[in-house]
Amino acid sequence: MNQPQYILLPVSPAFILMSLVLAFVLNLLPWGGWVGIPDCVALVLVFWSIHQPRKVGIGVAFFMGLLMDVHNSALLGENALSYTLLSYFAIMIHRRVLWFPLGTQALHVLPLLLLMQTVQLIVRWLVSNKFPGWFYYVESFTSTALWPVVSWLLLAPQRRAIDRDETRPI
């Protein structure tokens with residue numbers, strides 16, 4: 001059985017801003033340093049970089065990375081560099097990814113998130129010469145598992161009804 005094809009409405013810039021702010025607030029919560037907790041900012045950034053590359057691009061990723069650097073008291077530019085690379089590569093593959101169903105999209109997003117974490121790991125290793133262990137990468141797999149849920153939530157306000165109702169304007 002085929003899933004219905006939705007015609008998406010244009011996304012509101014206010015909704016994009018609200019989703020980025022909400023992702024940042026979720027990263028501010030105290031469990032953000034635990035193993036396996038996804039980086040919500042990275043997940044929302046990669047989503048918008050794939051779905052709206054002209055509205056959310058490398059500049060937004062850099063700014064969000066600087067905010068996360070200040071929040072984490074990390075080396076200034078560590079998250080900015082990794083988020084910028086994440087956004088760049090997401091924009092590079094955005095046309096290809098959108099052709100696939102959500103499960104396959106998640107498999108395309110996984111290497112991007114692993115690359116982001118590897119860049120963060122290399123920067124931290126160069127500065128402190130400490131390796132956090134291989135459980136460090138569980139965060140990428142958790143984020144990948146959440147990709148269908150995040151996609152459904154962030155696309156929900158843009159979906160039109162399949163059956164047009166004459167009493168509704170849209």
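Keep in mind the model is a prediction, meaning the values are calculated, not measured. (Residues numbered from 1 in each chain as written. Predicted model: local features only at pLDDT ≥ 70, side-chain atom pairs only at ≥ 80, totals over all residues. Heavy atoms only, no water.)

1. Quick look at the environment of Arg54
Note the threshold: Under the DSSP-based scheme used, a helix requires at least four consecutive residues in state H or I and a strand at least two consecutive residues in state E, with every element numbered from the N terminus. When accessible area is computed with a 1.4 Å probe and restricted to protein chains, residues below 20% of their type maximum are described as buried, those above 50% as exposed, and intermediate ones as partly exposed.
Its place among the elements puts Arg54 in the loop between α2 (40-51) and α3 (58-72). What makes Arg54 exposed here is its relative accessible area of 84%. In this structure, the C-alpha to C-alpha distance between Arg54 and Ile91, residues 37 residues apart in sequence, is 9.1 Å.

2. As for the packing of aromatic side chains
Test applied: Whether two aromatic rings pair depends on their centres lying within 6.5 Å, for rings of Phe, Tyr and Trp, where Trp uses its six-membered ring; planes under 30 degrees apart make the pair stacked, over 60 edge-to-face, and the rest tilted.
Inspection of every chain in the model, using the stated rule, returns seven aromatic pairs. Each ring, one from Tyr88 and one from Phe89, has its centre 5.2 Å from the other, and the planes form 70°; the classification is edge-to-face. With a relative accessible area of 38%, Tyr88 lands in the partly exposed category. Taking 5.6 Å as the distance between ring centres and 75° as the angle between the ring planes, the aromatic pair formed by Tyr136 and Tyr137 counts as edge-to-face. Take Tyr136 and Tyr137: they sit in the same class, and that class is buried.

3. Here's the deal with the side chain of Gln105
We apply this condition: For the purposes of these results, a polar contact is taken to be a pair of N or O atoms within 3.5 Å, where, inside protein, one atom must be able to donate a hydrogen and its partner to accept one; residues adjacent in sequence count only when each atom of the pair is a side-chain atom.
One can find Gln105 in helix α5 (residues 102-128). Side-chain polar atoms of Gln105 contact the backbone oxygen of Val97, separated by 3.5 Å.

4. With respect to unusual backbone geometry
Positive phi is not limited to glycine here, since Asn129 has a value of about 60°. In this fold, Asn129 is placed in the loop between α5 and α6 (138-155).

5. Things to note about the nonpolar core
Selection criterion: For our purposes a nonpolar core is just a set of buried Ala, Val, Leu, Ile, Met, Phe, Trp, Tyr and Cys residues, chained together by side-chain atoms within 4.5 Å.
Val41, Leu45, Val46, Trp48, Tyr83 and Trp147 are the most contacted members of the largest nonpolar core, which has 34 residues in total. Among the secondary structure elements, those contributing two or more residues to this core are α1 (13-28), α2, α3, α4 (78-97), α5 and α6. With ten residues, the single largest contributor to this core is α2.

6. Thoughts on the packing of α3 against α4
Rules: All axes are obtained by fitting lines to C-alpha atoms, using only the stretch in contact for helices, and the reported angles, taken between N-to-C directions, cover 0 to 180 degrees. By the definition adopted for this analysis, an angle is roughly parallel if under 35 degrees, roughly antiparallel if over 145, roughly perpendicular if from 65 to 115, and oblique otherwise. Each crossing gets its handedness from the near helix: less than a right angle anticlockwise from the far helix is left-handed, clockwise is right-handed. Residue contacts are counted whenever heavy atoms from the two residues lie within 4.5 Å of one another. By the convention adopted, Pro, Cys, Tyr, Trp, Phe, Met, Ile, Leu, Val and Ala count as nonpolar, Lys, Arg, Asp and Glu as charged, and the other residues, Gly among them, as polar.
Where α3 meets α4, the axes come as close as 7 Å, and the angle between the chain directions of the two elements is 150°. Viewed along their axes, α3 and α4 adopt a mutual orientation that is roughly antiparallel. The interaxial crossing formed by α3 with α4 has right-handed handedness. On the side of α3, the interface is formed by Ile58, Ala61, Phe62, Met64, Gly65, Leu66, Met68, Asp69 and Asn72, while α4 contributes Glu78, Asn79, Ala80, Tyr83, Thr84, Ser87, Tyr88 and Ile91. Class assignment for the residues of the contact of α3 with α4 results in ten nonpolar, five polar and two charged.

7. Observations regarding α5
Going by this rule: Expected helix span is given by 1.5 Å per residue-to-residue step, counting one fewer step than there are residues. Fitting axes to the seven residues ending at a residue and to the seven starting there, one defines the bend at that residue as the angle between these axes.
Compared with an ideal rise of 1.5 Å per residue, which puts 27 residues at 39 Å, α5 spans 38 Å between its outermost C-alpha atoms and is within 8% of the ideal. The sharpest bend along α5 comes to roughly 25°, located at Val109, with the proline Pro111 sitting one to four residues further on. Looking at the buried side of α5, the elements it contacts are α2, α4 and α6. Directly after α5, the chain includes Asn129, whose backbone phi takes a positive value near 60°.

8. Brief notes about the environment of Ala23
When you line up the elements, Ala23 lands in helix α1. We classify Ala23 as buried; its relative accessible area is 2%. In this structure, the C-alpha to C-alpha distance between Ala23 and Val44, residues 21 residues apart in sequence, is 6.8 Å. Aside from chain neighbours lying at most four places away, what touches Ala23 is Cys40, Val41 and Val44.

Don't take any of this as a statement about function, it's just geometry.
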